[in-house]
Amino acid sequence: MEALLKWAAELGVSDSPSPSPPPLSSSPSGTTSSSSPSSCLGRSLVVADFPDAGGRGLAAARDLRRGELVLRAPRAALLTSDRITADDPRIAACVNAHRPRLSSVQILIVCLLAEVGKGRNSVRYPYLSQLPSYYTILATFNDFEVETLQVDDAIWVAQKAKSAIISDWENATPLMKELKFKPKLLMFKSWLWAFATVSSRTLHIAWDEAGCLCPVGDLFNYAVPDDDTLLEEEDTAELTNCQQKNELNNSSERLTDGGYEDSNAYCLYARKQYKKGEQVLLGYGTYTNLELLEHYGFLLGENPNEETFIELDLDICSVGTWPKDSMYIHRNGHPSFALLCALRLWSTPANRRKAVSHQIYSGSILSTENEMGILKWLIRKCEGTLQQLPTTVEFDESLLVFLRTIQNSSNCRTDVKRSGFEQEFAVFLRVHQVELDCSGNNQLPARLLRSLERWELAVQWRCNYKKILKKCVSYCESLVLELPLQLNQQ
């Protein structure tokens, strides 16, 4: 890490809020990383470990104000396809010959692998050597882990993602062979690693749809974006002159936590007020848990943007003008506005739909009978979906505890025998063609620990899915009891 920070500082990456280089300083106490004199960190940020919140990340080196610049990475420090091709005419010539047939993402992946192939001879080696050795995005899931998701829509998303990446790899292989890649870099495993790096770590830039890799900037962990664009009271109290006021007003209107700016640098800003030692987070965008798993390889226990879908008949989806992806169940179990409206219209006789459509589109309840009918339909649908899934919420929660125990255990065999999940674990081992050693050393190989991590993510996702369906059942049952009383009172 120290080598990465020193290299980044030499390229001009800085966490100083002022344009001038930060003075030499040591990192604040209480963090797990120190800043050397040549480090690009120490003024606003330090590298720290957050075991329960994303692992390694960036902490506030001091109190930070919302909207304050916390990291600046000049264009020369960014890893982009145009930068790599500009540095290597041979790569540029080959890429340009194949460019019409390849997407911008494919080209960036090829450029990334070409740079990896240079090893220590790459000027970007300090950054490349710090990238994760493996990822847990959906496309890395094997068949066992994909089936563990249980829900057809999620399984389809995982399979589609993998198929698309295989197709991209096959189409880009002629270019990689022309560049004389080493056999290891020609393998799908290497392509999948590079794709996951690009998918989970790139930042948006206007001149390349594939984005850019931003050294040090990709150490930020994820925060769910919010819609609050008002200044915090603490920020307002600190405004002492017009310059500060204009700076914060501009930042309050910013739709993202950063971007490439006229200063020819990627600039990242504090999304809220942070106290010294707090983890500084970056909002990548609004995603459901399945989308987070697909693109970034993690999910959130409480995701305010979660959307849970149930299977709907075609006549329900086509009865109105609501898009299918707007008909879902919120994380609190409440049906979305579009789902309720579609069900109200669908449960109305066809010859009366035109007459009442204006009421339905405004969100009004048509009648007690109509509303009770769709609530009971939702209850039956959610309960039926839960019954069709192979496991219950209670089973999944117990399995999650077991998987976390196994990953941290030094005596795997004993833990398996005591767990009650021997059958599931036996399937897992059979898929990986591994037999649990009966000798004293029962720790799992590293590759199986990675699979356990993906297995845990799959179980966590399906468990959250089932919990939301159960919340929907409880919510609708309460409305079935309360609705007649409410309408009578009105």
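Everything numeric here is computed off the predicted structure, so don't read it as measured data.

Describing the environment of Leu-179
Working step 1: Along the chain, the position of Leu-179 falls in the loop between α7 (152-178) and α8 (183-186).
Working step 2: Classification of Leu-179 by relative accessible area gives buried; the value is 4%.
Working step 3: Between the C-alpha atoms of Leu-179 and Ala-93, which are 86 residues apart in sequence, the distance is 9.9 Å.
Working step 4: Beyond its immediate sequence surroundings of up to four residues, Leu-179 is in contact with Arg-90, Ile-91, Cys-94 and Val-110.

Points about empty space enclosed by the protein
Working step 1: This structure, assessed with the given rule, holds one cavity of 30 Å³ or more.
Working step 2: In this structure, the largest cavity encloses a volume near 40 Å³.
Working step 3: Surrounding the largest cavity, Leu-4, Arg-56, Tyr-127, Gln-130, Leu-131, Arg-201, Val-216, Asp-218 and Leu-219 form its lining.

Some points on the pattern of salt bridges
Opposite charge on two side chains makes pairing possible when the charged atoms of those side chains draw close.
Working step 1: For the structure on display, the rule yields 16 salt bridges.
Working step 2: Of the charged contacts, one joins Arg-124 and Glu-115 as a salt bridge, the two residues approaching to 3.1 Å between their closest N and O atoms.
Working step 3: Take Arg-124: its relative accessible area is 7%, and that puts it in the buried class.
Working step 4: Taking the shortest distance from any N to any O, the salt bridge between Arg-454 and Glu-145 comes out at 2.8 Å. One end of the pair, Arg-454, is in helix α20 (residues 446-489); the other, Glu-145, is in helix α6 (residues 143-148), and 309 residues separate them in sequence.
Working step 5: Taking the relative accessible area as the measure of exposure, Arg-454 reaches 11% and is therefore buried.
Working step 6: Overall, Glu-145 belongs to the buried group, its relative accessible area being 0%.
Working step 7: A single network of salt bridges, built from pairs that share partners, joins Asp-87, Asp-88, Glu-115, Lys-118 and Arg-124.

Quick notes on unusual backbone geometry
Working step 1: Backbone geometry places Gln-150, a non-glycine residue, at a positive phi of 70°.
Working step 2: Structurally, the position occupied by Gln-150 is in the loop between α6 and α7.
Working step 3: The buried category is assigned to Gln-150, whose relative accessible area is 12%.
Working step 4: Despite not being glycine, Lys-180 shows a phi value in the positive range, around 60°.

Some words on the pairing of strand β5 (residues 208-213)
Walk down a regular strand and you will see the side chains alternate between the two sheet faces.
Working step 1: Most of β5 is tucked away: five of the six residues are buried.
Working step 2: Here strand β4 (residues 202-205) hands over to β5 after two residues, the two strands then running antiparallel side by side.

Brief notes about the state of the cysteines
In protein chemistry, a disulfide is the covalent bond that joins the sulfur atoms of two cysteines.
Working step 1: Enumeration according to the criterion identifies zero disulfides in this entry.
Working step 2: Cys-476 takes part in no disulfide bond, and the closest cysteine sulfur to it belongs to Cys-472, at a distance of 4.0 Å.

What about the pairing of strand β2 (residues 55-60)?
Working step 1: Along β2, five of the six residues are buried, which leaves the element largely enclosed by surrounding structure.
Working step 2: Where strand β1 (residues 45-50) and β2 come together, six bridges link them in antiparallel fashion. Note that in β2 the partner of Val-46 across the bridge is Ala-59.
Working step 3: Joining the antiparallel neighbours β1 and β2 is a turn of four residues, in which Gly-54 adopts a positive phi near 100°.

A closer look at the environment of Leu-481
Working step 1: Tracing the backbone through its elements, the reader meets Leu-481 in helix α20.
Working step 2: On a C-alpha basis, the gap between Leu-481 and Met-372 in space is 9.4 Å, while along the polypeptide they are 109 residues apart.

Side note on the packing of helix α3 (residues 89-98) against α7
Working step 1: Their axes nearest at 10 Å, the elements α3 and α7 cross at an angle of 155°. In terms of axis orientation, α3 runs roughly antiparallel to α7. Both α3 and α7 take part in a crossing whose hand is right-handed. Contacts between α3 and α7 involve Cys-94, Val-95 and His-98 from the first element and Pro-174, Leu-175 and Glu-178 from the second.

Quick look at helix α19 (residues 422-431)
Working step 1: Regarding α19, the residues found buried are Phe-425, Phe-428 and Leu-429. Seen from one end, α19 has its buried residues packed into an arc of 95°, which puts them on one side. In α19, those exposed residues whose orientation departs by more than 90 degrees from the buried face are Gln-423 and Arg-430.
Working step 2: Residue Gln-433 follows α19 closely and has a positive phi angle near 55°.

The rules we used
Residues numbered from 1 in each chain as written. Predicted model: local features only at pLDDT ≥ 70, side-chain atom pairs only at ≥ 80, totals over all residues. Heavy atoms only, no water. Helix = DSSP H or I, 4+ residues; strand = E, 2+ residues; numbered from the N terminus. Buried < 20%, exposed > 50% of the residue type's maximum accessible area, 1.4 Å probe, protein only. Contact = heavy atoms within 4.5 Å. 1 Å grid on protein atoms, 1.4 Å probe; cavity = no way out; pocket = protein on both sides within 12 Å on 5 of 7 lines; lining within 4 Å. Points joined across faces, edges and corners; volume = space filled by probe spheres on them. Salt bridge = Lys/Arg side-chain N within 4 Å of Asp/Glu carboxyl O. Pairing = 2+ DSSP bridges. Disulfide = S-S within 2.5 Å. Axes fitted to C-alpha atoms, helices over the stretch in contact; angles between N-to-C directions. Parallel < 35°, antiparallel > 145°, perpendicular 65-115°, else oblique. Left-handed = near helix turned anticlockwise from the far one by under 90°. Arc of directions from axis to C-beta.

Remember, this is a structural readout, not a statement about activity or role.
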